[in-house]
Amino acid sequence: MTKLVRPQKISDQILSILEERIATGVYEEGGKIPPERTLAEEFGVSRPSVRVALNILIARQVLEARQGDGYYVSVKPQQDFLQSWQELLGKHTNWETDVFDFSCHIEGCMASLAAERRTDADLKRINFWRQKFESACESGHLEHQSEADVSFHQTIADAAHNILFSHLSGGLLKMLYRQTRSSIIYSNQTEDPRPKLIAQHRAIYEAILERRPADAAEAAKIHLNYVANSILQNRAYQSRNEHADTLAQKDLKRVQDWK
């Protein structure tokens, strides 16, 4: 029996294009997409056809319609997903070792792929954020250091040219960074970690620059292991310091009545 082949509806074709643009980051999470009129002119179709596609994305919570302002890529599904992970990690702090292990292997893989697949434009982005991190370290601006560090690793994920890695790095790995790795910058440590972080970033960048995948993966793993060990060592030091402070307070109470 012959099956009828029906042409794809215009709204379905528009929907497919919009989905791809959102998935690949052309329309960023939380960002505003072009208005109906602009999209209709770009695709050479009527505004109602565009509106049908937009309404489907709104129903799927991929887009948000803001009255009088237009359409925005929704961040709610991502926020809900990350919130569940944050709550889980908050209840099970012993999972931190698994978090570092996971991040180490994933970022090693992304660095390796970046060394194989990176373009000149990717390399400029990676180097841009590497330099921004160094500048922020020199100025002592903690928030800029944290943001530049996150962006440096995100550009490496983007340079792997795999949509899943880009989204994973921009979502789950970014949240894990905020939960764990960022503390290396904000904590008061006996040894300033910034010179080593700068050197490690340079090693990752140079391996990607010279297209050395194995070296890039190894440099990323060395970096993550250093961060993990530094945080754990600093935490142990802070615990010992707090214990010593408690003992010092007891010493003072013992002699407060001495004349």
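Residues numbered from 1 in each chain as written. Predicted model: local features only at pLDDT ≥ 70, side-chain atom pairs only at ≥ 80, totals over all residues. Heavy atoms only, no water.

**A look at the pattern of salt bridges**
And then number 1: Summed over all chains, the structure comprises 13 salt bridges.
And then number 2: Its salt-bridge partner being Asp158, residue Arg125 comes within 3.1 Å of it at the nearest N-O pair. Here Asp158 lies in helix α7 (residues 142-159) and Arg125 lies in helix α6 (residues 120-139), a separation of 33 residues in the sequence.
And then number 3: Judged by relative accessible area, Arg125 falls into the partly exposed class, the value being 38%.
And then number 4: Residue Glu134 is joined to Arg202 by a salt bridge in which the shortest nitrogen-to-oxygen separation is 2.8 Å. Placement of the pair is Glu134 in helix α6 and Arg202 in helix α10 (residues 194-209), with a sequence separation of 68 residues.
And then number 5: Judged by its relative accessible area of 11%, Glu134 is buried.
And then number 6: Judged by relative accessible area, Arg202 falls into the partly exposed class, the value being 38%.
And then number 7: A network of salt bridges, in which partner residues are shared, links Glu36, Arg47 and Arg51. (Salt bridge = Lys/Arg side-chain N within 4 Å of Asp/Glu carboxyl O. Helix = DSSP H or I, 4+ residues; strand = E, 2+ residues; numbered from the N terminus. Buried < 20%, exposed > 50% of the residue type's maximum accessible area, 1.4 Å probe, protein only.)

**Quick look at the packing of aromatic side chains**
And then number 1: Taken as a whole and assessed by the stated rule, the structure comprises 1 aromatic pair.
And then number 2: The interplanar angle of 85° and the centroid separation of 5.1 Å between the aromatic rings of Phe128 and Trp129 together place this pair among those described as edge-to-face.
And then number 3: Residue Phe128 is classed as partly exposed on the basis of its relative accessible area, which comes to 41%.
And then number 4: When the ring centre of Tyr72 is taken as reference, the NZ or CZ atom of Arg66 above it lies at 3.8 Å. (Phe/Tyr/Trp six-rings, centres within 6.5 Å; stacked < 30°, edge-to-face > 60°. Lys NZ or Arg CZ within 6 Å of the ring centre and 35° of its normal.)

**Overview of the packing of helix α1 (residues 10-23) against helix α3 (residues 47-59)**
The packing of two helices is summarised by the inter-axis angle and the distance between the axes.
And then number 1: Contact geometry of α1 with α3 gives a least axis separation of 8 Å together with a crossing angle of 50°. Judged by the angle between their axes, α1 and α3 are oblique. The handedness of the crossing between α1 and α3 comes out as right-handed. In this structure, α1 contributes Ile10, Ser11, Ile14, Leu15, Leu18, Glu19 and Ile22 to the contact, and α3 contributes Ser49, Val50, Val52, Ala53, Leu54, Ile56 and Leu57.
And then number 2: The residue makeup of the contact of α1 with α3, split by class, is 11 nonpolar, 2 polar and 1 charged. (Axes fitted to C-alpha atoms, helices over the stretch in contact; angles between N-to-C directions. Parallel < 35°, antiparallel > 145°, perpendicular 65-115°, else oblique. Left-handed = near helix turned anticlockwise from the far one by under 90°. Contact = heavy atoms within 4.5 Å. Nonpolar A, V, L, I, M, F, W, Y, C, P; charged D, E, K, R; others polar.)

**Quick look at the environment of Lys221**
And then number 1: One can find Lys221 in helix α11 (residues 213-255).
And then number 2: Accessibility expressed as a relative area gives 28% for Lys221, which makes it partly exposed.
And then number 3: Along the backbone, Lys221 and Glu107 are 114 residues apart, and their C-alpha atoms lie at a distance of 7.4 Å.
And then number 4: Each residue touching Lys221, except ones within four places of it in the same chain, is listed here: Cys104, His105 and Gly108.

**A look at the packing of α7 against α10**
And then number 1: As a packed pair, α7 and α10 sit with axes 12 Å apart at the nearest point and diverge in direction by 20°. Of the possible angle classes, the one that applies to α7 and α10 is roughly parallel. When the axes of α7 and α10 are compared, the crossing they make is left-handed. Across the interface between the two elements, Leu142, Gln145, Asp149, Phe152, His153 and Ile156 of α7 pack against Arg194, His201, Ile204 and Ile208 of α10.
And then number 2: The residue makeup of the contact of α7 with α10, split by class, is 5 nonpolar, 3 polar and 2 charged.

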